[in-house]
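The lines below spell out each chain.
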Amino acid sequence: MRRVMTAVPPTAPVAEPVAGAPVGSGPPAAEPMRTEFAFELPRGYVDDTGVVHRSGVMRLATARDELVPLRDDRVRENPAYLTVVLLARVVVRLGSVTDVHAGVVENLFAADLAFLQDVYRRINSEGHTRAAVACPGCGHGFSVDVAGGRPGES
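What you see is a predicted model; the values in this text were computed from it and never measured.

(A) Summary view of the overall build of the chain. From N to C terminus, the chain includes 5 helices and 6 strands. Reading the chain from its N end, one meets helices and strands in the order β-β-β-α-α-α-β-α-α-β-β. In the chain, buried positions account for 31% of the 154 residues. The long-range fraction of contacts in the chain, counting pairs at least 24 apart against all pairs at least 6 apart in sequence, stands at 57%. As displayed, the chain has an accessible area near 10,000 Å², and 57% of this comes from carbon and sulfur atoms.

Okay, structure coming up:
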């Protein structure tokens, strides 16, 4: 079962155990790990019939996703092709297109390719781009997205 969320949940503080509290009454269960991220392409992928597909979903990359393309002959001949093969492995859907392969990624507009590279970098770098901060004046704690925006937003 896939879970797609479009908003990055704020980082919640971990509750400390209370003395005398019954065992098992600790903090609530953690949210399931988010593995897929919705996005909206700036221009859109135009398929063979002329239909424009802008919305999509990218999943987190695995170690295999980053290693397998290195054995691809196209990548060996042209290292810049690594981006195409890697994105084809992690983009789950583009509009109604569910078979996203290197040929689809090759036909993206340059702006969309750059956008997907940025989304990939943001969702796969250290697991998140949110940081807990506190106001220096009042000490109020909150979280901010240090990447400057949510994945998938332009």
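Past the structure itself, the notes keep going.
(B) Here's a closer look at the confidence of the model for the chain. Mean pLDDT over the chain works out to 81, with 69% of the residues at or above the 70 mark. Residue range residues 1-18 is modelled with pLDDT below 50. Its contacts to residues more than four positions away, or to other chains, number 28 contacts.

(C) Quick peek at helix α5 (residues 110-124). The end-to-end C-alpha distance of α5, which contains 15 residues, comes to 21 Å, matching closely the 21 Å that a straight helix rising 1.5 Å per residue would cover. The complete set of buried residues in α5 reads D112, F115, L116, V119, Y120, R122 and I123. Packing partners of the buried residues in α5 comprise β2 (36-46), β3 (52-59), α1 (63-67), α3 (82-90) and β4 (91-94).

(D) Highlighting the nonpolar core. Counting 26 residues, the largest nonpolar core has F39, M58, L94 and L116 as its most contacted members. Going through the elements one at a time, β2, α3, β4, α4 (102-106) and α5 are the ones with two or more residues in this core. With 6 residues, α3 is the single largest residue contributor to this core. Dropping the residues within four chain positions of it, M58 is found in contact with T35, E36, F37, F39, L87, V90, V91, V92, L116, V119, Y120 and I123.

(E) Fine view of a nonpolar patch on the surface. A contiguous nonpolar patch, built from V46, V52 and F109 and spanning about 240 Å² of accessible area, is present on the exposed surface. In this structure, V52 sits in strand β3.

(F) Local environment of the packing of α3 against α5. Taken N-terminus to C-terminus, the directions of α3 and α5 make an angle of 65°; their axes are 11 Å apart at the nearest point. When the axis of α3 is compared with that of α5, the two are roughly perpendicular. Every pair of crossing elements has a handedness; the one defined by α3 and α5 is left-handed. In contact with T83, L86, L87 and V90 of α3, α5 contributes L113, L116, Q117 and Y120.

(G) Representation of the pattern of salt bridges in the model. Summed over all chains, the structure comprises 6 salt bridges. Here D73 ties to R76 by a salt bridge, and the two come within 3.9 Å at their closest N and O atoms. With D73 and R76 both in helix α2 (residues 73-77) and 3 residues apart, the pair spans about one turn of that helix. R76 sits in the exposed class, given a relative accessible area of 56%. Between D118 and R122 there is a salt bridge, and its shortest N-O distance comes to 3.1 Å. With D118 and R122 both in helix α5, this residue pair falls 4 residues apart, about one helical turn. Each of R59, D65 and R89 takes part in one network of salt bridges that share partners.

Thresholds, definitions, all that
Residues numbered from 1 in each chain as written. Predicted model: local features only at pLDDT ≥ 70, side-chain atom pairs only at ≥ 80, totals over all residues. Heavy atoms only, no water. Helix = DSSP H or I, 4+ residues; strand = E, 2+ residues; numbered from the N terminus. Buried < 20%, exposed > 50% of the residue type's maximum accessible area, 1.4 Å probe, protein only. Contact = heavy atoms within 4.5 Å. Areas by Shrake-Rupley, 256 points an atom, 1.4 Å probe, with all protein chains shown as cover. pLDDT = per-residue confidence, 0-100. Expected span 1.5 Å × (residues − 1). Core = buried A, V, L, I, M, F, W, Y, C linked by side-chain atoms within 4.5 Å. Patch = residues over 30% accessible without salt bridge, like charges linked within 9 Å, V, L, I, M, F, W, Y side chains within 5 Å. Salt bridge = Lys/Arg side-chain N within 4 Å of Asp/Glu carboxyl O. Axes fitted to C-alpha atoms, helices over the stretch in contact; angles between N-to-C directions. Parallel < 35°, antiparallel > 145°, perpendicular 65-115°, else oblique. Left-handed = near helix turned anticlockwise from the far one by under 90°.

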